[in-house]
Amino acid sequence: KNKNKKKMPGPKMGARPADFDEKLVRESPTFKKWERLTDGYKLRYACRDFIKGHGDDEERLMRRIMIARRNNLRDHEILKQARAQVEIAENNNTNNNG
């Protein structure tokens, strides 16, 4: 039938990751902005374009939002650990100087 139909480059999307939280993604400001778009309009997020009503773009956007959230949580944990190490070092210095 559709011999002239262009195939999208890249791999097909696999299953959602185990930590995927659709409810949380749908409540994000970015997704709420997406929901207000009319079909055919574009949203740029994380250096990628997503077109409302186009193929798997909604799913791609949801996964991107989830990746960003996961990265933010990881970075937050790393910062928390680093701050704790600084506090320990500062406390040790205070105790040694008194």
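The structure we're discussing is the one just above.
Residues numbered from 1 in each chain as written. Predicted model: local features only at pLDDT ≥ 70, side-chain atom pairs only at ≥ 80, totals over all residues. Heavy atoms only, no water.

A.B. asks: When you look at the overall build of the protein in this model, what are you seeing that I'm missing?
C.D. replies: The helix and strand inventory of the protein stands at 3 helices and 2 strands. Each helix (α) and strand (β) of the protein, taken in turn from the N terminus, gives the series α-α-β-β-α. Relative to its full complement of 98 residues, the protein shows a buried share of 16%. A separation of at least 24 residues holds for 43% of the contacts in the protein among residues at least 6 apart in sequence. Of the roughly 8,200 Å² of accessible surface on the protein, a fraction of 50% belongs to carbon and sulfur atoms. (Helix = DSSP H or I, 4+ residues; strand = E, 2+ residues; numbered from the N terminus. Buried < 20%, exposed > 50% of the residue type's maximum accessible area, 1.4 Å probe, protein only. Contact = heavy atoms within 4.5 Å. Areas by Shrake-Rupley, 256 points an atom, 1.4 Å probe, with all protein chains shown as cover.)

A.B. asks: How should I be thinking about the pairing of strand β1 (residues 42-45) in this particular structure?
C.D. replies: Both faces of the sheet carry side chains from a regular strand, because those side chains alternate between them. Only one face of β1 is covered, namely the one carrying Leu-43 and Tyr-45; the face carrying Lys-42 and Arg-44 has none of its residues buried. Remark: 2 residues form the turn of the hairpin made by β1 and strand β2 (residues 48-51), two consecutive strands paired antiparallel; Ala-46 in that turn has positive phi of roughly 55°. (Pairing = 2+ DSSP bridges.)

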